[in-house]
Amino acid sequence: MQTLTLQPVSSARGQITLPGSKSLSNRILLLAALARGTTKITNLLDSDDVRHMLTALTALGVELELSEDRQQCLVQGIGGAFQLPDTSQLEALFLGNAGTAMRPLTAALCASTGQFELTGEPRMYERPIGDLVDALRQCGADIEYLGDEGFPPLHINGHALRGGQVSIRGNVSSQFLTAMLMAAPLCQGDVVINVEGELVSKPYIDITLDVMSRFGVRVENNDYQSFHIKGGQSYESPAQIMVEGDASSASYFLAAAAIAGGPVRVYGAGSHSVQGDAKFADVLAKMGAEIRWGGDWIEVERQADSVLNGIDIDLNHIPDAAMTIATTALFAEGPTCIRNVYSWRVKETDRLSAMATELRKVGATVEEGEDYIRIEPPSEIQSAAIDTYDDHRMAMCFSLAAFGSSPITINDPGCTAKTFPTYFELFKEMTQPV
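Residues numbered from 1 in each chain as written. Predicted model: local features only at pLDDT ≥ 70, side-chain atom pairs only at ≥ 80, totals over all residues. Heavy atoms only, no water.

### Some words on the sheet that holds strand β24 (residues 408–411)
Here's step 1: Taking strand neighbours across the sheet as the criterion, the three strands line up as β1-β24-β23 in an open arrangement whose pairing is mixed. Unpaired on one side and paired on the other, β1 (3–6) and β23 (384–386) mark the two borders of the sheet. Taking the axes of each pair of neighbouring strands and ignoring which way they run, one obtains an average angle of 25° across the sheet.
Here's step 2: In terms of strand pairing, β1 meets β24 through four bridges, oriented antiparallel. Across the sheet, residue Thr5 finds its bridge partner in β24, namely Thr409. (Pairing = 2+ DSSP bridges. Helix = DSSP H or I, 4+ residues; strand = E, 2+ residues; numbered from the N terminus. Axes fitted to C-alpha atoms, helices over the stretch in contact; angles between N-to-C directions.)

### A closer look at the layout of surface pockets
Here's step 1: In this structure, the largest pocket encloses a volume near 370 Å³.
Here's step 2: A breakdown of the residues in the lining of the largest pocket according to their chemical character gives 11 nonpolar, 11 polar and four charged. (1 Å grid on protein atoms, 1.4 Å probe; cavity = no way out; pocket = protein on both sides within 12 Å on 5 of 7 lines; lining within 4 Å. Points joined across faces, edges and corners; volume = space filled by probe spheres on them. Nonpolar A, V, L, I, M, F, W, Y, C, P; charged D, E, K, R; others polar.)

### Things to note about the packing of aromatic side chains
Here's step 1: Scanning the entire structure with this criterion turns up eight aromatic pairs.
Here's step 2: Taking 5.1 Å as the distance between ring centres and 75° as the angle between the ring planes, the aromatic pair formed by Tyr423 and Phe424 counts as edge-to-face.
Here's step 3: Overall, Phe424 belongs to the buried group, its relative accessible area being 13%.
Here's step 4: Connected via pairs of aromatic rings, a cluster forms that spans Tyr252, Phe253, Phe403, Phe420, Tyr423, Phe424 and Phe427.
Here's step 5: Sitting above the plane of the Trp297 ring, Arg265 keeps its charged end 3.6 Å from the centroid.
Here's step 6: The ring of Tyr372 has Arg339 lying over it, and the distance from NZ or CZ to the ring centre is 5.8 Å. (Phe/Tyr/Trp six-rings, centres within 6.5 Å; stacked < 30°, edge-to-face > 60°. Buried < 20%, exposed > 50% of the residue type's maximum accessible area, 1.4 Å probe, protein only. Lys NZ or Arg CZ within 6 Å of the ring centre and 35° of its normal.)

Here it is, written out as structure tokens:
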């Protein structure tokens, strides 16, 4: 296993241009494939998760032209559901640990023609998908679990799906609802999706609805409790579409500025962003940082005579960026409590358990609840080797511990390739050693 030791750093300043959003990249790729017409995608993220989607679409017969730097892609849309030429032949798709590929492709392939097998890395087989499968079966989907009930891998016998009323639980992962929404125009007739219980991560649903509208499909959103997709709609290429910079990735650099003073400006997400994680900056403001906004940029600074304060906050709406607050809390005065983040437990790893374990290594006092974490910062950050659990966000979050006075070793730093392969290079460029 590779390791990376970060020596203590004392300042963070400069400008960063963000790579494309993972969530947007994979949504746009799938809808471009299902659309009528050719779509030119720019600022596409080059990462493991996006490569899994590109490989899957190619295997499904979609014609793609990828630029040498993999940041532009020309997609020849097929104008509807996928159609395998030989329906008796099994098409096996390996999707790694990419939830943004596994969940939407599951729904789209149920409405397609052919036999499909969806597999992934061992961790994917621990990430639930039962709520999505239950909802798809209400539309007539033919899905079989090949392992444990409620989890991938899956076998799908694809065929036309009926519309009508569908119920889906909303309290585990918003990706289940995203998958149903994106597949709804492939169903016959109107589709009404009713959400049972609290819907987590609502801003990610806003991303889905925005991308669908840019591909010509309208969804009636009834206060996130039900969604009505009228029949007869189909995806139409917008000809060209740019992927916004990844607002989740912005959080590490913005937090660095809040901890060390800054200023740091990130380009690619700002006040016009469709991504809820751009609101991460508002959380830093509550902790005592100064925030400046542009249409496509955010800048963070903290004056030398001010401090960061611990906060008690519900971050259900931005669970990915919320992880960055957990390590920012190491440098705050007083405890920080991050609430209503049960979804951390079903991500790339059990992030509540992993975060609690690694924060204790650097000296924090941590209380781990079923859906919350409370962090009391140490008087001094202790040197530690941070396990990353094959989770890109664990690696990037704990880079911030280097703003203490001790070296921090990141185990398996290459796991950032999932969304941000160049992260540690940019972190080094932006910071100054003690």
